[in-house]
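Spelled out, the chains give:
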Amino acid sequence: MTTITVRPGQVTLAELESIYRDDAAVRVDRSCKPAVDAAAELIAAASRGEAALYGVNTGFGKLASIKIEPDDTANLQRNLILSHSCGVGPAVPARIVRYMMMLKLLSLCRGASGVRWSLIELLEEMLARNVTPVVPSQGSVGASGDLAPLAHMTAVIIGEGLADYQGRQMLGRAALEAAGLQPIALGPKEGLAFINGTQFSTAYALAGLFETWRCAQSALVTSALTKDAIMGSTAPTRPEIHALRGHRGQIEAAASIRAMMDGSQIRESHREDDERVQDPYCIRCQAQVTGACLDLLRQAAGTLEIEANAVTDNPLVIVETGDVISGGNFHAEPVAFAADQIALAIAEIGAIAQRRVALMVDPALNYDLPTFLTPEPGLNSGYMIAEVTTAALMSENKHLANPCSTDSTPTSANQEDHVSMAAHGARRLERMVGNLSNILAVELLCGAQGIEFRAPLRTSATLQRIIDRLREDVPPLKEDRYLADDLAAAGALVRSGALVETGGVADHVRLGETA
């Protein structure tokens, strides 16, 4: 297993994506240890004092006014974890749980949470040895942090809950011991430090961002195939048009499509005497729509990069002044907004891609391609129902794209009276991006089939390489066959990033770079 060393507070978007893609273990740079130790010492001293400090020697939430005796502070933290392990629903994928653990490490190691270094080391070792807590997916409203899912994660640290280890699910203590580790009893504030925070929501949001970005890049490839298949004009991709508007994503999307189509005989064949004056918007406005989505995703990426490096528990320890301050960094409103932005981008990329699929299968619009892209329509239905599937997926994503961040409700006896709903706002992205990848899979199949019907005219060298890569997995559709396997293979190709690599899209469009 790959292990990546990170510097808390300075982790880049590229590093975050690399950790996600490789499912890597993480080790924090040891330069953060003095700050972590100093904050832990301040909390230890505060726990022995008379002054009431929230979560250190008081109850939690609505019970914050109840003072806890020094001898009960350890039991207080244990009870916190056990009582807050109230998640329900399907288990979170192990990859997301591990990513959440990594993000919690980054937050704790900023040196403002007051946890002991031994807990940092245990979390690192759990990642390195593949001890993965079983975390139910439902139960967080995104303030005071992702309490329930983070409590399930922390339960394993204290020897409770469930964990996966070497393909088996077992009790938390048994999993730790099987991996050669021991649970740790929590000290003052440590339980609160672990469960206050946005790491569950942020893990899902970052995963959604990275998968959506790959789909957005792939959509540029599939849209270029469609443009050539229906003999669309490349004039709308000319750089002068996009420079006059000035949006970065639009400029880059047009450049990418233009580069992929360069050298196409199909394109050159209809420059003269084409009876069509303009293409439909799904062809003519590819760069404007997909480009706007690229810009929206970059905005979300900026928010999530900050959040991944943030300290989001409560109270926070200001080592420089010795203060322990209650605040509200656990409120996941920035993450909720980012998740809503990503959802909008997913829905729109899919909406315009679906219209391109509909265009290709319609003989009234596809400029002399056969009906439903089958050589013998009538006896064969071709891609008729594949297009219907894209319509179903597009409509589902439109519904799912409705904002979650506006849906607050009071909780915890009205103490936590405004919440972000970031958790399910981010969690839905996995379903949405899966739908999007399947829409693009159908467009890939239809675009390749349409271009092959234009023979002996040839497409560009770049687009032909993409078709050749598809044909390694999916042969041309000469007569009706069981199509579910074709859609699955094409979807896997979209999700793998192979289209992006073959099409050279990253030469023009990258997530983490400034203009």
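Above this text you will find the structure in question.
Please read these numbers as outputs of a predicted model, since none were measured by experiment. (Residues numbered from 1 in each chain as written. Predicted model: local features only at pLDDT ≥ 70, side-chain atom pairs only at ≥ 80, totals over all residues. Heavy atoms only, no water.)

K.L.:
Describe in detail the overall build of the chain, supporting the description with residues and values.
P.N.:
Each helix and strand in the chain was counted, giving 20 helices and nine strands. Looking at the chain as a whole, 56% of its 515 residues are labelled buried. A sequence separation of at least 24 residues applies to 79% of the contacts in the chain between residues at least 6 apart. For the chain, the accessible surface area stands at approximately 20,400 Å², while carbon and sulfur atoms represent 52% of it. Within the chain, one finds 44 positive and 60 negative side-chain charges whose respective centroids are separated by 1 Å. (Helix = DSSP H or I, 4+ residues; strand = E, 2+ residues; numbered from the N terminus. Buried < 20%, exposed > 50% of the residue type's maximum accessible area, 1.4 Å probe, protein only. Contact = heavy atoms within 4.5 Å. Areas by Shrake-Rupley, 256 points an atom, 1.4 Å probe, with all protein chains shown as cover. Lys, Arg positive; Asp, Glu negative; His and termini not counted. Charge placed at Lys NZ, Arg CZ, Asp CG, Glu CD.)

K.L.:
Talk me through empty space enclosed by the protein; I want residue IDs and the actual numbers.
P.N.:
Scanning all chains against the criterion turns up three cavities of 30 Å³ or more. Approximately 40 Å³ is the volume attributed to the largest cavity. Taken together, I19, Y20, D23, A24, R95, R98, Y99 and M102 make up the lining of the largest cavity. Mapped by element, the contributors of at least two residues to the lining of the largest cavity are α1 (13-22) and α4 (94-108). The dominant element in the lining of the largest cavity, judged by the number of residues it contributes, is α4, at four residues. (1 Å grid on protein atoms, 1.4 Å probe; cavity = no way out; pocket = protein on both sides within 12 Å on 5 of 7 lines; lining within 4 Å. Points joined across faces, edges and corners; volume = space filled by probe spheres on them.)

K.L.:
If you had to explain the pattern of salt bridges to someone new, which residues and values would you point to?
P.N.:
Within this structure, the stated rule accounts for 22 salt bridges. The partner of R30 in a salt bridge is E124, with the nearest N and O atoms 2.8 Å apart. One end of the pair, R30, is in the loop between β2 (25-28) and α2 (33-47); the other, E124, is in helix α5 (residues 117-128), with 94 residues separating them in the sequence. Overall, the relative accessible area of 5% leaves E124 in the buried class. (Salt bridge = Lys/Arg side-chain N within 4 Å of Asp/Glu carboxyl O.)

K.L.:
Describe the sheet that holds strand β6 (residues 162-165), with residues and values.
P.N.:
Taking strand neighbours across the sheet as the criterion, the three strands line up as β4-β6-β7 in an open arrangement whose pairing is antiparallel. Each having just a single partner strand, β4 (132-133) and β7 (168-171) make up the two edges of the open sheet. Pairing between β4 and β6: two bridges, direction antiparallel. By the bridge assignment for β6, P133 is matched with A163. (Pairing = 2+ DSSP bridges.)

K.L.:
Quick rundown of the nonpolar core? Include the residues and the values.
P.N.:
Formed by 156 residues in total, the largest nonpolar core has its most connected members in L16, Y99, M126, L206 and L209. In this structure, Y99 is in contact with L16, E17, I19, Y20, A203, L206 and F210, ignoring residues within four places of it in sequence. Membership of the second largest hydrophobic core comes to seven residues, among which are A39, A46, L53 and V56. (Core = buried A, V, L, I, M, F, W, Y, C linked by side-chain atoms within 4.5 Å.)

K.L.:
Quick rundown of a negative patch on the surface? Include the residues and the values.
P.N.:
Taken together, the side chains of E50, E69, D71 and D72 make up a negatively charged region of the molecular surface. With respect to the helices, strands and loops of the structure, E69 is situated in the loop between α2 and α3 (73-84). (Patch = residues over 30% accessible without salt bridge, like charges linked within 9 Å, V, L, I, M, F, W, Y side chains within 5 Å.)

K.L.:
Could you give an account of the state of the cysteines, naming the residues involved and the relevant values?
P.N.:
What the rule picks out here adds up to zero disulfides. No disulfide involves C109; its sulfur sits 4.1 Å from the nearest other cysteine sulfur, which is in C32. No disulfide involves C293; its sulfur sits 12 Å from that of C215, the nearest cysteine. For C293, a relative accessible area of 5% gives the class buried. (Disulfide = S-S within 2.5 Å.)

K.L.:
Before we move on, can you summarise the environment of H399 with the specific residues and values?
P.N.:
Looking at the secondary structure, you find H399 in helix α16 (residues 384-400). Classification of H399 as exposed rests on a relative accessible area of 58%. Each C-alpha atom of the pair H399 and P476 lies 33 Å from the other, and the pair is 77 residues apart in sequence.

K.L.:
Got a sec to walk through the pairing of β2? Specific residues and values, please.
P.N.:
Side chains on a regular strand alternate between the two faces of the sheet. Pairing of strand β1 (residues 3-6) with β2 involves four bridges; the strand directions are parallel. Each bridged residue has a counterpart across the sheet, and for T3 the counterpart in β2 is A25. In the classification by handedness, the crossover that spans β1, the intervening α1 and the parallel β2 is right-handed. (Right-handed = clockwise from strand over helix to strand, strands pointing away.)

K.L.:
Describe the layout of surface pockets, and please don't skip the residues or the numbers.
P.N.:
In this structure, the largest pocket spans a volume of roughly 390 Å³. Contributing to the lining of the largest pocket are 23 residues, with H84, S144, L147, S412 and E416 lying nearest its centre. Where the lining of the largest pocket is concerned, the elements lending two or more residues are α3, α6 (147-157) and α8 (190-195). Per element, the largest residue contribution to the lining of the largest pocket is three residues, and it comes from α3. Here the residues of the lining of the largest pocket sort into 11 nonpolar, 11 polar and one charged. (Nonpolar A, V, L, I, M, F, W, Y, C, P; charged D, E, K, R; others polar.)

K.L.:
Describe the packing of aromatic side chains, and please don't skip the residues or the numbers.
P.N.:
Summed over all chains, the structure comprises three aromatic pairs. Centroid distance Y20 to Y99: 5.7 Å. Interplanar angle 70 degrees. Geometry classified as edge-to-face. With Y20 in helix α1 and Y99 in helix α4, the pair connects residues that are 79 residues apart, well separated along the chain. For the pair Y20 and F210, a centre-to-centre distance of 5.8 Å together with 35 degrees between the ring planes defines the contact as tilted. Here Y20, found in helix α1, pairs with F210, found in helix α9 (residues 199-229); they are 190 residues apart in sequence, far enough to count as distant. Residue Y20 shares its accessibility class with F210, and that shared class is buried. Members of the aromatic cluster, joined through ring pairs, are Y20, Y99 and F210. (Phe/Tyr/Trp six-rings, centres within 6.5 Å; stacked < 30°, edge-to-face > 60°.)

K.L.:
Give a description of the packing of helix α11 (residues 248-261) against helix α14 (residues 286-308) that names residues and reports values.
P.N.:
Running from amino to carboxyl end, α11 crosses α14 at an angle of 125 degrees, the nearest separation of the two axes being 7 Å. Put simply, α11 runs oblique to α14. You can see that α11 and α14 cross each other, and the crossing is right-handed. Facing R248, G249, Q250, E252, A253, A254 and I257 of α11, the residues of α14 in contact are Q286, A287, Q288, G291, L294, D295 and R298. By residue class, the composition of the contact of α11 with α14 is five nonpolar, five polar and four charged. (Axes fitted to C-alpha atoms, helices over the stretch in contact; angles between N-to-C directions. Parallel < 35°, antiparallel > 145°, perpendicular 65-115°, else oblique. Left-handed = near helix turned anticlockwise from the far one by under 90°.)

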